[in-house]
Amino acid sequence: LVDPIPGGDNDHSSSATNTQLQSKLIQAFGSGSLGIVAIRGVPNFLEARSKFLPMAHVLAHLPKEYLEERLADPKTLYNAGWSHGKEKLGDKPDFAKGSFYFNPLSDEPGTAELREKF
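The rules behind these values
Residues numbered from 1 in each chain as written. Predicted model: local features only at pLDDT ≥ 70, side-chain atom pairs only at ≥ 80, totals over all residues. Heavy atoms only, no water. Helix = DSSP H or I, 4+ residues; strand = E, 2+ residues; numbered from the N terminus. Buried < 20%, exposed > 50% of the residue type's maximum accessible area, 1.4 Å probe, protein only. Patch = residues over 30% accessible without salt bridge, like charges linked within 9 Å, V, L, I, M, F, W, Y side chains within 5 Å. Areas by Shrake-Rupley, 256 points an atom, 1.4 Å probe, with all protein chains shown as cover. Salt bridge = Lys/Arg side-chain N within 4 Å of Asp/Glu carboxyl O.

### Observations regarding unusual backbone geometry
- Phi at Leu77 is positive, roughly 60°, even though this residue is not glycine.
- Tracing the chain through its elements places Leu77 in the loop between helix H3 (64-71) and strand S1 (81-84).
- Residue class for Leu77 comes out exposed when judged on its relative accessible area of 68%.
- A positive phi is found at Tyr78, a non-glycine position, where the angle reads about 65°.

If you want it as structure tokens, here you go:
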């Protein structure tokens, strides 16, 4: 059985809260940990998840040229936007999965016009 590390509230705007969160992440991913994080208490999570998962499939099947030219961000070393085959599994590129990295706290998707429309 694993003892959970309680996280606290959802307000991560203060530096004190960020320091506490950082400490808890070190506990979750540090030496001797299982490397698992479970997040709870996110308003409307199930609805958002149900809407998002089908879009993930659509995204992954867009033309490769579009994904690489428009959605990949090499200047961040692929830590933002689309990433496929950039991570290594052993000593070979991992082509078994694609990732789209996005920070909903600081990134604004699309254009202002598209955000207004949708």
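There's more to say after this.
### Side note on a nonpolar patch on the surface
- A contiguous nonpolar surface patch, about 760 Å² in accessible area, is contributed by Leu21, Leu25, Phe29, Val37, Ile39, Val42, Phe45 and Leu46.
- Those elements that provide at least two residues to the nonpolar patch are helix H1 (15-29) and helix H2 (45-60).
- Top element by residues in the nonpolar patch is H1. It accounts for three residues.
- Phe45 gets classed as partly exposed once you look at its relative accessible area, which sits at 45%.

Such coordinate-based values are descriptive only and should not be taken to indicate function.
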